[in-house]
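Single-letter residue listing:
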Amino acid sequence: GTLYQLLYVIVINLVLQAIISGLIIDTFSSMRAEDEFIHQDTMDKCFICSILREEFEQAGIDFTVHIKEEHNVWHYLWYKIYLDLKDPDDYSINEKYAALCYKNPRMFTKFVPIKKSISLSAFAGKQTDTKADEHLVSLLKRIDDLESSVLE
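This one's a predicted model, so the numbers in the text were calculated from it and none came from an experiment.

Conventions used here
- Residues numbered from 1 in each chain as written.
- Predicted model: local features only at pLDDT ≥ 70, side-chain atom pairs only at ≥ 80, totals over all residues.
- Heavy atoms only, no water.
- Core = buried A, V, L, I, M, F, W, Y, C linked by side-chain atoms within 4.5 Å.
- Buried < 20%, exposed > 50% of the residue type's maximum accessible area, 1.4 Å probe, protein only.
- Contact = heavy atoms within 4.5 Å.
- Axes fitted to C-alpha atoms, helices over the stretch in contact; angles between N-to-C directions.
- Helix = DSSP H or I, 4+ residues; strand = E, 2+ residues; numbered from the N terminus.
- Parallel < 35°, antiparallel > 145°, perpendicular 65-115°, else oblique.
- Nonpolar A, V, L, I, M, F, W, Y, C, P; charged D, E, K, R; others polar.
- pLDDT = per-residue confidence, 0-100.
- Disulfide = S-S within 2.5 Å.
- Phe/Tyr/Trp six-rings, centres within 6.5 Å; stacked < 30°, edge-to-face > 60°.

(A) Broad picture of the nonpolar core. One finds Cys46, Ile48, Cys49, Ile51, Phe56, Ala59, Ile61, Phe63, Val112 and Leu120 forming the largest nonpolar core, which totals 10 residues. Apart from the residues within four sequence positions on either side, Leu120 is in contact with Ile51, Glu55, Phe56, Ala59 and Ile61. Listed in part, the five residues of the second largest apolar core include Leu83, Tyr91, Ala98 and Ala99.

(B) Quick look at the packing of helix 4 (residues 73-85) against helix 5 (residues 93-103). Across the interface, helix 4 lies against helix 5 with an axial gap of 10 Å and an inter-helix angle of 105°. When the axes of helix 4 and helix 5 are compared, the pair comes out roughly perpendicular. Across the interface between the two elements, Tyr76, Tyr79, Lys80, Tyr82 and Leu83 of helix 4 pack against Asn94, Glu95, Ala98, Ala99 and Tyr102 of helix 5. Grouping the constituent residues of the contact of helix 4 with helix 5 by class yields seven nonpolar, one polar and two charged.

(C) Quick peek at the confidence of the model for the chain. Per-residue confidence for the chain gives a mean pLDDT of 86, with 91% of residues at or over 70. Averaged pLDDT values over the elements of the chain bottom out at 71 in helix 7 (residues 118-151) and peak at 93 in helix 4.

(D) Highlighting the state of the cysteines. The full count for this structure, using the stated rule, is zero disulfides. Cys46 takes part in no disulfide bond, and the closest cysteine sulfur to it belongs to Cys49, at a distance of 3.5 Å. Classification of Cys46 as buried rests on a relative accessible area of 1%.

(E) Seen up close, the environment of Leu23. The residue Leu23 is located in helix 1 (residues 2-44) in this model. Note: C-alpha distance between Leu23 and Asn13 (10 residues apart in sequence) is 15 Å.

(F) Representation of the packing of aromatic side chains in the model. Under the defined criterion, the tally for this structure stands at seven aromatic pairs. Here Phe56 and Phe63 contribute two aromatic rings whose centre-to-centre distance is 5.7 Å and whose plane-to-plane angle is 55°, an arrangement assigned as tilted. Phe63 carries the same exposure label as Phe56, and that label is buried. Seen in terms of ring centroids, Tyr76 and Phe111 are 6.4 Å apart; in terms of plane orientation they differ by 80°. Their pairing is edge-to-face.

So this is what it looks like as structure tokens:
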């Protein structure tokens, strides 16, 4: 009887230990995967505007400069602290609007430039200017061609 009891304790202990170890390992691997996803997301997406790094690189804009200068998270935080510390009666009109946006979650999305970037807008404007210039050149060439055919 004692051999069966010993065998039972050993088998149960091994099985339970394997199950618990498996759960622990699985939990840590899922936590590692989630941490890796968060890290990758912070490296490839602007926290403020949610625009991907690829879009900036395609436009020839340095993503690091964008997140350090144009959409610096700390500037938004410091501005919020500044508004909290300042007397609301002394707010300028822009500060009143910003304070209202910070307090109201529905208006906050109007205050934060989601999917908007000045540098990308400027690049898009340059692209349209380039396309307009190309179109103008082709129109001028057509006019020259028409002019030469009329004169002949």
